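# Remarks on the overall topology
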Amino acid sequence: MYIGAALAVGLFDRLSPTAVAVLRLFGAAAVLIAWRRPGREAWRGVRLARAVAFGLATALMNIAFYEAIARLPLGTTVAIEFCGPVAVAAAASRRPRDVAAVLFAAVGVLLIADVRWSGSPSGVLWALGAASMWAAYIVLGKRVASGGNGLDDMAVGFVVAAVLLSPLLLTAGPGGFAALADPLVLVLAVGVGVLSSVVPYVLDQVVLRRVGQARFAVLLALLPATATVVGLVGLAQVPTVLELLGIGAVVAAVALRSRDGDVPAAVGRTGS
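Residues numbered from 1 in each chain as written. Predicted model: local features only at pLDDT ≥ 70, side-chain atom pairs only at ≥ 80, totals over all residues. Heavy atoms only, no water.

Here we take up the environment of Arg209. The residue Arg209 is located in the loop between helix H10 (183-208) and helix H11 (213-219) in this model. Overall, Arg209 belongs to the buried group, its relative accessible area being 15%. Residues Arg209 and Gly141, spaced 68 residues apart in sequence, show a C-alpha to C-alpha distance of 9.6 Å. (Helix = DSSP H or I, 4+ residues; strand = E, 2+ residues; numbered from the N terminus. Buried < 20%, exposed > 50% of the residue type's maximum accessible area, 1.4 Å probe, protein only.)

A grouping of Ile3, Leu7, Leu184, Leu188 and Leu195 is seen on the molecular surface, where their side chains present a nonpolar patch of about 430 Å² in accessible area. Among the secondary structure elements, those contributing two or more residues to the nonpolar patch are helix H1 (2-11) and H10. Among the elements that take part in the nonpolar patch, H10 stands out by supplying 3 residues, more than any other. The topology assignment puts Ile3 in helix H1. Ile3 gets classed as exposed once you look at its relative accessible area, which sits at 56%. (Patch = residues over 30% accessible without salt bridge, like charges linked within 9 Å, V, L, I, M, F, W, Y side chains within 5 Å. Areas by Shrake-Rupley, 256 points an atom, 1.4 Å probe, with all protein chains shown as cover. Salt bridge = Lys/Arg side-chain N within 4 Å of Asp/Glu carboxyl O.)

Summarising the element assignment, Val238 is placed in the loop between helix H12 (222-235) and helix H13 (241-257). Exposure remark for Val238: the relative accessible area of 62% places this residue in the exposed category.

For the chain, mean pLDDT is 81; residues scoring 70 or higher make up 86% of the total. Confidence over residues 263-272 falls short of pLDDT 50; this stretch has 16 contacts with residues more than four positions distant or in other chains. (pLDDT = per-residue confidence, 0-100. Contact = heavy atoms within 4.5 Å.)

So, on to the nonpolar core. Tyr2, Leu15, Phe65, Tyr66, Leu74, Met154 and Phe158 are the most contacted members of the largest nonpolar core, which totals 68 residues. What Leu74 contacts, discounting residues up to four positions off in sequence, is Tyr2, Ala5, Phe65, Ile69, Ala227, Val230, Gly231 and Gln237. Core analysis: the second largest hydrophobic core is formed by 5 residues, Leu72, Ile80, Val124 and Ala127 among them. (Core = buried A, V, L, I, M, F, W, Y, C linked by side-chain atoms within 4.5 Å.)

Running from N to C, H1 and H12 point in directions that differ by 45°, and their axes come no closer than 9 Å. Judged by the inter-axis angle, H1 sits oblique to H12. The two elements H1 and H12 cross, and the hand of that crossing is right-handed. For the pair formed by H1 and H12, the contact residues are Tyr2, Ile3, Ala6 and Val9 on the first element and Leu223, Thr226, Ala227, Val230 and Leu235 on the second. Residue classes in the contact of H1 with H12 are distributed as 8 nonpolar, 1 polar and no charged. (Axes fitted to C-alpha atoms, helices over the stretch in contact; angles between N-to-C directions. Parallel < 35°, antiparallel > 145°, perpendicular 65-115°, else oblique. Left-handed = near helix turned anticlockwise from the far one by under 90°. Nonpolar A, V, L, I, M, F, W, Y, C, P; charged D, E, K, R; others polar.)

The next point concerns the packing of aromatic side chains. Counted according to the given criterion, the structure contains 6 aromatic pairs. Here the aromatic rings of Phe12 and Tyr66 are separated by 5.9 Å at their centres, their planes lie at 65°, and the arrangement is edge-to-face. Residue Phe12 is located in the loop between H1 and helix H2 (17-36), and its partner Tyr66 is located in helix H3 (residues 45-69); the two are separated by 54 residues in the primary sequence. Look at Phe12 and you get buried, because its relative accessible area is 17%. (Phe/Tyr/Trp six-rings, centres within 6.5 Å; stacked < 30°, edge-to-face > 60°.)

This paragraph deals with the environment of Lys142. With respect to the secondary-structure elements, Lys142 resides in helix H7 (residues 121-146). Residues Lys142 and Arg210, spaced 68 residues apart in sequence, show a C-alpha to C-alpha distance of 10.0 Å.

What follows concerns H7. The end-to-end C-alpha distance of H7 is 38 Å, a good match for the 38 Å that 26 residues give at a rise of 1.5 Å each. With its phi angle positive at about 90°, Gly148 sits one or two positions after the end of H7. (Expected span 1.5 Å × (residues − 1).)

Let us look at the pattern of salt bridges. By the definition in use, this model includes 4 salt bridges. The partner of Arg14 in a salt bridge is Asp182, with the nearest N and O atoms 2.8 Å apart. With Arg14 in the loop between H1 and H2 and Asp182 in the loop between helix H9 (176-180) and H10, the pair connects residues that are 168 residues apart, well separated along the chain. The shortest N-O distance in the salt bridge between Asp152 and Arg36 comes to 2.7 Å. Of this pair, Asp152 sits in helix H8 (residues 150-165) while Arg36 sits in helix H2, and the two are 116 residues apart along the sequence.

By secondary structure assignment, the location of Thr58 is in helix H3. Within the structure, Thr58 has its side chain in polar contact with the backbone oxygen of Phe54 (distance 2.8 Å). Setting aside residues no more than four positions away along its own chain, Thr58 makes contact with Tyr137, Phe158 and Tyr201. (Polar contact = N/O pair within 3.5 Å; in protein donor to acceptor, adjacent residues only side chain to side chain.)

As structure tokens, this is what we get:
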């Protein structure tokens, strides 16, 4: 996921972050629809509405995330964005251990936000916006996954979201329109879509069918550490001591929470 994000950062000098996020969505939608080829029933009624809500939440999460990483280091952004999974885990919390895990994650996010607020308040706000959409992604993703046709519905949701958000490509700017016609940019966009959307989101659907959304939310706390390593190696972004402490606190939440799972949802096979 974050190797794809590092590639996306490289496109920001040619396109706006929002335009790159929309291209990522198009790339992911094209790959998923060609792979899954959802039947007519996937484009109707409640199933369609649920898929579209999930697709839009995912797309808006990615737009806010890209706007944030254009202003903040990758690992920092991901750790702040983790406020979303923290909120989901807190809402589903039933045990003292759960509460401790949530507190660890919240302290970590606050440490990181405190470091970055003075330098880029807009970056922190974009990251918090991504956090809210990440919470929606988890809740809606669980519903899509539990429906038994998660991958097909994800493909439908991404396609509809791509169409609805396509006007945002106008934010590419005057120079960006030339980049939109550049085959290399389009290939990179598809690559980012596969690395950052198709592979991780398909795996998310598999995992969400087997564990509760609270456990899934806290397991995601591993991502700030992953993003920090990718940011350091791929983008030469060196975290401060406070940021490392914050990221460590977020990861510590995993050690507290991950052994206690929710009862997996009883759902049928997808046939995939």
